[in-house]
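The primary structure of each chain is shown beneath.
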Amino acid sequence: LDSSYPGQVVSNAVSNHPVFDTIRQWDPLLMVHLGDLHYRNIDTDDQAAFRQAYLDAMTFNDTLGATARQGQLYRQSQWVYAFDDHDFGHNDSDSTSPSRSAANTVYRQVVPSYQVPDVLGIYQAWVVGRVQFILWDTRSFRSPGSDPQSPTKTMLGAAQKEWMRGILSSTAAELHISSSNNSDTHSMTIV
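Here is what the cut-offs are and how they apply
Residues numbered from 1 in each chain as written. Predicted model: local features only at pLDDT ≥ 70, side-chain atom pairs only at ≥ 80, totals over all residues. Heavy atoms only, no water. Helix = DSSP H or I, 4+ residues; strand = E, 2+ residues; numbered from the N terminus. Buried < 20%, exposed > 50% of the residue type's maximum accessible area, 1.4 Å probe, protein only. Contact = heavy atoms within 4.5 Å. Areas by Shrake-Rupley, 256 points an atom, 1.4 Å probe, with all protein chains shown as cover. Core = buried A, V, L, I, M, F, W, Y, C linked by side-chain atoms within 4.5 Å. Phe/Tyr/Trp six-rings, centres within 6.5 Å; stacked < 30°, edge-to-face > 60°. 1 Å grid on protein atoms, 1.4 Å probe; cavity = no way out; pocket = protein on both sides within 12 Å on 5 of 7 lines; lining within 4 Å. Points joined across faces, edges and corners; volume = space filled by probe spheres on them. Arc of directions from axis to C-beta.

Caption draft 1: Looking closely at the overall build of the protein chain. What the protein chain contains, in helices and strands, is five helices and six strands. Going from N to C terminus, the protein chain has its helices and strands arranged as α-β-α-α-β-α-β-β-α-β-β. Burial analysis of the protein chain (191 residues in total) assigns 48% to the buried set. For the protein chain, contacts bridging at least 24 residues in sequence account for 62% of all contacts bridging at least 6. With an accessible surface of roughly 9800 Å², the protein chain has 54% of that area assigned to carbon and sulfur atoms.

Caption draft 2: How the structure looks around the nonpolar core. Formed by 33 residues in total, the largest nonpolar core has its most connected members in L37, Y54, Y74, Y81, F83 and Y107. Among the secondary structure elements, those contributing two or more residues to this core are α1 (19-26), α2 (47-59), α3 (69-76), β2 (79-81), α4 (100-110) and β4 (131-135). Per-element accounting of this core gives the leading share, five residues, to α2. Leave out the neighbours within four places in its chain, and Y81 touches H33, G35, L37, Y54, D87, Y107, V111, I122, Q124 and L135. By size, the runner-up hydrophobic cluster in this structure holds nine residues, among which are Y123, F141, L156 and W163.

Caption draft 3: Local environment of the packing of aromatic side chains. What the rule picks out here adds up to ten aromatic pairs. Centre to centre, the rings of W79 and Y81 are 6.0 Å apart; their planes meet at 40°, and the pair counts as tilted. Overall, the relative accessible area of 0% leaves Y81 in the buried class.

Caption draft 4: Representation of the layout of surface pockets within the structure. Estimates place the volume of the largest pocket at around 260 Å³. Every residue lining the largest pocket is counted, 18 residues in all, and those nearest its centre are F20, H33, G35, D36 and Y74. Elements that contribute at least two residues to the lining of the largest pocket include exactly α1, β1 (31-33) and α3. Lining the second largest pocket are L29, L30, Q78, W79, V80, P112, S113, Y114, W126 and V128.

Caption draft 5: Structural detail: α1. Among the residues of α1, those classed as buried are F20, D21 and I23. All buried residues of α1 project into a common sector of 165° when viewed along the axis, lining one side. Those residues of α1 that are exposed and angled more than 90 degrees off the buried face are Q25 and W26. Of the surrounding elements, those touching the buried residues of α1 are β1 and α3. Two residues or fewer past α1, D27 is found with a positive phi of approximately 50°.

The structure is reproduced here in structure tokens:
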């Protein structure tokens, strides 16, 4: 709850906070959303539940429809999005999550994206001018946190790492910006 915005509570794990209006007023050239679009923590292979979660995030549980702030922002902005733990599965979810298939399938059905090169996984890259952007998927291939530390423990998986090497070795971009979303830490890295 934010007492400075009465009535703007998170309802059923989605938000209608005024910050979405503020971002929309900035009219950003590009917005990169690094996950936790909703906090439904869906932990089943249920495509309908994921579709409903996206719809609810855009309409504030269908109470505000097209006037919901989050939905207005995404409809009026250029944006890309990668899920994180709460909008992929349970808290700290990884590649063993029962929701993995549904999360990936519904992402492809409802989320605008650049070319996604893998059947499982939502990683993607694009160029704006002389800048190469790389959006990682840190959930679909992630080793369980309980796995012992070893050279095979991963956040990205072998195929995504190889894809990234290919992107970086073949681009003429002068600047590379990559994303990282690791549970409660979200960041962009400029290389």
